[in-house]
Amino acid sequence: MIATLKHLSKNYKIDLSKPLDISIALSGGEANINAWYLGPPQIKPHAEEGFVGKVTEGASTNFNDVYFNPHSHVTHTECLGHITEGFHSINQKLKKFFFLAEVITVAPEQMGDDFVISEKQLKYALGNKKREAVVIRTLPNTKEKRSRNYSDTNPPYLLEDAAQFLVKKGVEHLLIDLPSVDKERDGGALLCHNAFWNIKGKPREKATITELIYVPNKVKDGTYFLNLQVAPFENDASPSRPVLYKIEEK
């Protein structure tokens, strides 16, 4: 299923039958990905007054309750409402879903006790490319990322200058395979979040950050089209399913 997309003045072809899903699914239980000191998510049959929503226990349907936090338990996309006093909903801020994206792979560098991603690294990886979205895969890139508990592990993060660089480049959508673009314990500074959304200036209300993705090694660095879909939650963040499409050779 070949589609031709016109972006600015250039035509691109993608094969819609070959999606590259870079989301991590919510499965419930201890094997699920986790962060921010919460217990595991739960998916269990609804039960009340003798009713159990499970066909094997006599119900006509399977009828599960799901308990989770999008920031902790699943690939999620967030808007500036994540850090503002006023309410902003990702469902209202994200109204377009296809973007020209660049996938880059970065090995975080040690800085004291931390591992960080700097402006210098992003400049090297992106060069002169102008993209609406940037997808960052960090090294090492193991399948363990799909089930890791990140709480109290001080994961790598982006430095403030890296976020400022992306803003200068016009990047509207930042995707990364970490639980946060900021340091796990930073006293609430959230330097990268604040810089990317330009909270102290004219806030970038259409910009989004997607965290806890997983980019398989088979997905090569380069240019793709990104389909960024979120569940329609009226919340600062929502579970999301970013899907890449390789640009076909002419």
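Scroll up to find the structure.
Calculation criteria
Residue positions are given per chain, counting from 1 as you read along its sequence in written order. It should be noted that, the model being predicted, local features are given only for residues of pLDDT at least 70 and side-chain atom pairs only at 80 or more, the latter also being counted only at that level, while totals for whole chains, interfaces and linings use all residues. Heavy atoms throughout the structure, all of them, feed into the side-chain values; hydrogens and water do not. Only protein chains enter the area calculation, which uses a 1.4 Å probe; residues under 20% of their type maximum are buried, those over 50% are exposed, and those in between are partly exposed. Segments assigned H or I by DSSP are reported as helices when at least four residues long, segments assigned E as strands when at least two residues long, and all are numbered from the N terminus. Each direction from the helix axis to a C-beta atom contributes to the arc, which is the arc of those directions. The contact criterion used throughout is that any non-hydrogen atoms of two residues lie within 4.5 Å. Here a polar contact means two N or O atoms within 3.5 Å. Within protein one must be a hydrogen donor candidate and the other an acceptor candidate, and residues neighboring in sequence count only if both atoms are side-chain atoms. To define a nonpolar core, start from buried Ala, Val, Leu, Ile, Met, Phe, Trp, Tyr and Cys residues and group those joined through side-chain atoms within 4.5 Å. Orientation is described by lines fitted to C-alpha atoms, with helices fitted over the stretch in contact, and by angles between N-to-C directions that extend from 0 to 180 degrees. Any Lys or Arg side-chain nitrogen located within 4 Å of an Asp or Glu carboxyl oxygen qualifies as a salt bridge.

Engineer: Explain helix 4 (residues 160-168) to me, and be specific about the residues and the numbers.
Structural biologist: By the burial criterion, the buried members of helix 4 are Ala162, Ala163, Phe165 and Leu166. Projected down its long axis, helix 4 shows its buried positions confined to an angular sector of 155 degrees, all on one face. In this fold, the buried residues of helix 4 make contact with strand 11 (114-117), helix 3 (119-126), strand 12 (133-138), strand 13 (157-158), strand 14 (173-176) and helix 5 (191-197).

Engineer: An account of the side chain of arginine 131 is requested, with residue identities and associated values reported.
Structural biologist: Its location among the elements puts arginine 131 in the loop between helix 3 and strand 12. Within the local environment of arginine 131, its side chain forms a polar contact with the side chain of glutamate 102, the two groups lying 2.9 Å apart. A distance of 3.0 Å separates a polar atom in the side chain of arginine 131 from a polar atom in the side chain of threonine 223. In contact with arginine 131, not counting residues within four places along its chain, are Leu100, Ala101, Glu102, Gly170, Val171 and Thr223.

Engineer: Hey, could you go over the nonpolar core for me, with residue numbers and the actual values?
Structural biologist: Membership of the largest hydrophobic core comes to 24 residues, with the highest contact counts inside it found for Leu122, Ile136, Leu158, Leu166 and Phe196. Elements with a contribution of two residues or more to this core: strand 9 (98-106), helix 3, strand 12, helix 4, strand 14 and helix 5. Judged by nonpolar contacts, the second largest core, of 18 residues, contains Val135, Leu175, Leu226 and Leu228.

Engineer: I'd like a rundown of the packing of helix 3 against helix 4, residues and numbers included.
Structural biologist: A pair of packed helices is characterised by two quantities: the angle between their axes and the separation of those axes. Running from amino to carboxyl end, helix 3 crosses helix 4 at an angle of 35 degrees, the nearest separation of the two axes being 7 Å. Only Asp161, Ala162, Phe165 and Leu166 of helix 4 make contact with helix 3, whose side of the interface consists of Glu119, Leu122, Lys123 and Leu126.

Engineer: An account of the pattern of salt bridges is needed here, citing residue identities and associated values.
Structural biologist: A full pass over the atoms with the stated rule returns twelve salt bridges. Between glutamate 102 and lysine 129 there is a salt bridge whose closest N-O contact spans 2.8 Å. Of this pair, glutamate 102 sits in strand 9 while lysine 129 sits in the loop between helix 3 and strand 12, placing them 27 residues apart in sequence. Owing to a relative accessible area of 36%, lysine 129 belongs among the partly exposed residues under this scheme. Of the charged contacts, one joins aspartate 152 and arginine 185 as a salt bridge, the two residues approaching to 2.5 Å between their closest N and O atoms. Highlighted residues: aspartate 152 in the loop between strand 12 and strand 13 and arginine 185 in the loop between strand 14 and helix 5, separated in sequence by 33 residues. Summarising the burial analysis for this pair, aspartate 152 and arginine 185 share the class exposed. Residues joined in a network through salt bridges with shared partners are Glu102, Lys129 and Arg131.

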